[in-house]
Amino acid sequence: DTAYKLVLLRHGESDWNRKGLFTGWVDVDLTETGETEAARGGQLLIDADVLPDVLHTSLQRRAIRTAQLALDSADRNWIPVRRSWRLNERHYGALQGKDKAATLAEFGEEQFMLWRRSYDTPPPPLADDDEYSQVNDAAYAGLPDEIRPRTECLKDVVERMLPYWYDAIVPDLQAGRTTLVAAHGNSLRALVKHLDGISDDAIAGLNIPTGIPLLYELDADLRPVTPGGRYLDPEAAAAAIEAVKNQGRK
Ligand code: DG2
């Protein structure tokens, strides 16, 4: 039996998704395509009659703006919002700002996929003086230096995301609120891994498309009623998942 409704939404296409660059914590904006995807995401919420009562986002503009555009088209601009660095994209370390295709060509398939999809191999750390470092970003000024990431693997993301899940999101669900989480490819992979109990190996094969709401109906124990949830546009999701999988390849 469904007790709770949770909607996961990866931001729409970003400038760097379009350009094929590793993004991570770099605060890039949406493309026009991304804006359209986001607004359509809101329409899909209306069509499925899944209207969010509360929103959680990362601190990154591509997720924040996607949620705004989706809620605007769903006529739910007014719902309360909480944001946390714990929903940020995985910090991509020294890969931030690098071209995915060029990285694949330089390091080869195995290393490339190890960095993109292995559970516990982080890319090399990003230097604090790198132009794509966030160490001096005002958004993270409140974070103690020792927990401010310089690189992360998915395991690191699971570990920093779960406290926010339990402390901030679960209480909203338990209060009966339909809860929208607007975040990123890898921070949502971390959450889906937890929800569906996916193994460290199998999570490598899971990809999240941009801009298509993924509805999880959860039972009273917060277990998915349908494993994997349900994309509100399954056909578009299937095509977009293939595109994410093949990033960096011509
Ligand atoms: C992408 C994910 O994150 O890239 O950081 O480049 O969801 O914020 O666009 P997002 C990035 P992959 O791990 O799929 O290469």
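Up top is the structure these notes are about.
Residues numbered from 1 in each chain as written. Predicted model: local features only at pLDDT ≥ 70, side-chain atom pairs only at ≥ 80, totals over all residues. Heavy atoms only, no water.

## Points about the packing of aromatic side chains
- Overall, the coordinates contain six aromatic pairs when judged by the stated rule.
- Sitting over the face of the ring of tyrosine 119, lysine 193 holds its NZ or CZ atom 4.5 Å from the ring centroid. (Phe/Tyr/Trp six-rings, centres within 6.5 Å; stacked < 30°, edge-to-face > 60°. Lys NZ or Arg CZ within 6 Å of the ring centre and 35° of its normal.)

## A short note on the pattern of salt bridges
- Overall, the coordinates contain 15 salt bridges when judged by the stated rule.
- One salt bridge in this structure joins lysine 155 and glutamate 159, with 3.6 Å as the shortest N-O distance. With a gap of four residues between them, lysine 155 and glutamate 159 both fall in helix H5 (residues 154-174), about one helical turn apart.
- A residue is classified by how much of its surface remains accessible, and glutamate 159, at 49% relative accessible area, is partly exposed.
- A single network of salt bridges, built from pairs that share partners, joins Asp29, Glu35 and Arg65. (Salt bridge = Lys/Arg side-chain N within 4 Å of Asp/Glu carboxyl O. Helix = DSSP H or I, 4+ residues; strand = E, 2+ residues; numbered from the N terminus. Buried < 20%, exposed > 50% of the residue type's maximum accessible area, 1.4 Å probe, protein only.)

## Section: the pairing of strand S4 (residues 179-183)
- With five of its five residues buried, S4 lies for the most part within the structure.
- Of the two faces of S4, the one lined by Thr179, Val181 and Ala183 and the one lined by Leu180 and Ala182 are each fully buried.
- Taken together, the five bridges between strand S1 (residues 4-10) and S4 define a ladder with parallel strand orientation. Its bridge partner being in S4, leucine 9 is matched across the sheet by alanine 182.
- Alignment of strand S2 (residues 54-57) against S4, held across four bridges, turns out to be parallel. Residue pairing across strands places threonine 57 opposite alanine 182, the latter belonging to S4. (Pairing = 2+ DSSP bridges.)

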